Structures are given as C-alpha cells and as structure tokens.
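Breakdown of the fold
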Amino acid sequence: MRYLTFALGKGRLAEQTLDLLEQIGITCEEMRDKSSRKLIFVNEELKLRFFLSKGPDVPTYVEYGAADIGVAGRDTILEEGRKVHEVLDLGYGRCRMCICGPRGAGEYLKHHELIRVATKYPNIAKDYFYNIKHQTVEIIKLNGSIELAPIVGLSEVICDIVETGSTLRENGLSVLEEVCPLSARMIVNPVSMRMESERIKDLIQRLRVVI
Ligand code: PRP
C-alpha cells in the first residue's frame, strides 16, 4: 500500500484538523510538538504522511499531486483557483468574506463608483466586483492588517475575512456587503481521487459521521 499524503496549512486550522482526524482514530502525535521544526510526519501503521505548509500553498501541493489530500480555508481555495476537488466541508474555521468600510462608503457601492478596494484576496475581490456586481474598481493587494487601508486613505473599502467582527468594530468600520461564507474544506487531487478512491471515500465517510 502506498502512502496517502496530507497537506495541512500551519496554525489553528492544522490543530483542528488533527483533532478531527483523532476522532476517527488517525493520530500523529509527533505533529503536536510545537517546539519541533520538523515539516513531515509519518503514521507507518496507517500508511499516512502529513506535512505542514503555508495555508495558500496547500492547494498547490494538492493540484500537483505532491499531496493527495489537503485542508485549507475556502478563502484560500477560491483565491488560488487550483484544479482540485473540494470534497468536504469540515465545519470549523467558519467566517465570512465581506466588503467592509466606513458606513458612508456604502454609497460608493450603491452607485457603482470607481473606488479602490484593498485586499489580501485580489482574485475573490475581482470576481465579486467584475462578475457579480459588474462594478469597475481598482484592486490593491495587501498582505495583512487590511482594516488599516480605509482608515489611512489607501482605499474606500476592503474585501476581507470577518469572524467575530471585533477588528472592524475597534476600527470604526462595518460590513457593507457579504461576498460568501467560509469554512475549512478538504480538497483532493483529481488523479488520487480515482487511483485511491476506496481509501479516500472511506475517509470522507468516516469524517462525515463525526462532523
Ligand atoms: C483576519 C482578518 C481580519 C480579522 C477578522 O486577520 O483579515 O483582520 O482576522 O477577525 P474578527 O472579525 O474576529 O476580528 P488575521 O488576524 O488573520 O491577520 P491579518 O490581518 O494579518 O490578515
């Protein structure tokens, strides 16, 4: 039997994924050691391999078949646009992709004005404004602390993740429009899906029971 390889995005998502896998008897104790710099882990008994990568790289590893299975946020999966099968909503990491800004910015959206949109997710923002709203905007890619942009005058609005809403509240911003709901998803390489269909289907089935 060959190894089935999992790519997990480093951080909280990986922790929650390990918790979930544990519930169906798949363990990888070594991976819990936060002080370790090791990147790849093996469960010899079950013929499974796990590795940790940066979240946005998970769909890349899965598209190329370097990992058979990956777990990533739907935000990352949509943004990366890789050729992978999304097979399961894992139910955690729930949040929303939203267009946010100071209350007054709602008018710019209503009147389809040519505004600037700051975001870590330029593809999601482009798709929303161009294909769904049919509004021409200028997209400005940032790498974090997106809420700063409208405060310091870099953009009129942002396209960003809202979980509890406290970052927005503490910075005098609000949700103006909702783009889509998000959560952690399991993705599978299309070739692996065919070649290892029995093992993968069994895994999905067992996960469904505990989710
Ligand atoms: C995310 C997101 C928001 C915040 C939303 O940022 O970009 O800033 O969390 O969460 P809340 O609604 O619960 O306040 P993250 O902390 O991942 O860091 P970043 O700003 O570097 O992207």
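Right, let's walk through the structure included here. (Residues numbered from 1 in each chain as written. Predicted model: local features only at pLDDT ≥ 70, side-chain atom pairs only at ≥ 80, totals over all residues. Heavy atoms only, no water.)

Every residue lining the ligand is accounted for by Lys120, Gly144, Ser145, Glu147, Asp160, Ile161, Val162, Glu163, Thr164, Gly165, Ser166 and Thr167. Between the ligand and Gly165, the relevant distance is 2.7 Å, taken from an oxygen atom to a main-chain nitrogen or oxygen of the residue. With respect to the ligand, the side chain of Ser166 contributes an N or O atom lying 3.5 Å from an oxygen atom. Across the complex, the protein chains shield 66% of the 500 Å² of accessible surface that the ligand would expose by itself. Looking at the shell around the ligand, the elements with two or more residues in it are strand 9 (157–162) and helix 7 (166–170). Of the residues forming the shell around the ligand, the biggest block, three residues, is contributed by strand 9. (Near = heavy atom within 4 Å. Polar contact = N/O pair within 3.5 Å; in protein donor to acceptor, adjacent residues only side chain to side chain. Areas by Shrake-Rupley, 256 points an atom, 1.4 Å probe, with all protein chains shown as cover. Helix = DSSP H or I, 4+ residues; strand = E, 2+ residues; numbered from the N terminus.)

For the rest of this paragraph, the subject is unusual backbone geometry. One can expect most non-glycine residues to show negative phi and most peptide bonds to be in trans. In this structure, His112 takes a positive phi of about 50° despite not being glycine. Look at Ser145: it is not a glycine, yet its phi comes out positive at around 45°. Relative to the assigned elements, Ser145 resides in the loop between strand 8 (138–141) and helix 6 (148–152).

For the coordinates displayed, the defined rule picks out three aromatic pairs. Taking 5.0 Å as the distance between ring centres and 25° as the angle between the ring planes, the aromatic pair formed by Phe6 and Phe50 counts as stacked. Note that Phe6 is positioned in strand 1 (residues 4–9) and Phe50 in strand 3 (residues 48–53), a separation of 44 residues in sequence. Considered together, Phe6 and Phe50 belong to a single accessibility category, that of buried residues. On the basis of an interplanar angle of 80° and a centroid distance of 5.4 Å, the ring pair of Tyr128 and Phe129 is categorised as edge-to-face. (Phe/Tyr/Trp six-rings, centres within 6.5 Å; stacked < 30°, edge-to-face > 60°. Buried < 20%, exposed > 50% of the residue type's maximum accessible area, 1.4 Å probe, protein only.)

As a further point, take helix 5 (residues 122–132). Considered for burial, the residues of helix 5 that qualify are Pro122, Ile124, Ala125, Tyr128 and Phe129. The positive-phi residue at the C-terminal boundary of helix 5 is His134, with phi of around 55°.

Judged by pairing direction, the sheet is mixed, and its six strands sit side by side in the order 2-3-1-4-11-5 without closing on themselves. Strands at the two margins of the open sheet, each flanked by one partner only, are strand 2 (40–43) and strand 5 (85–89). With strand direction ignored, the average angle separating the axes of adjacent strands in the sheet is 25°. Lying over the sheet, helix 1 (residues 12–23) contacts strand 1, strand 3, strand 4 (69–73) and strand 11 (184–188), oriented at roughly 140° with respect to strand 1. Across the sheet, helix 9 (residues 197–210) lies against strand 1, strand 3, strand 4, strand 5 and strand 11, angled at about 25° from strand 5, the strand it touches most. (Pairing = 2+ DSSP bridges. Axes fitted to C-alpha atoms, helices over the stretch in contact; angles between N-to-C directions. Contact = heavy atoms within 4.5 Å.)

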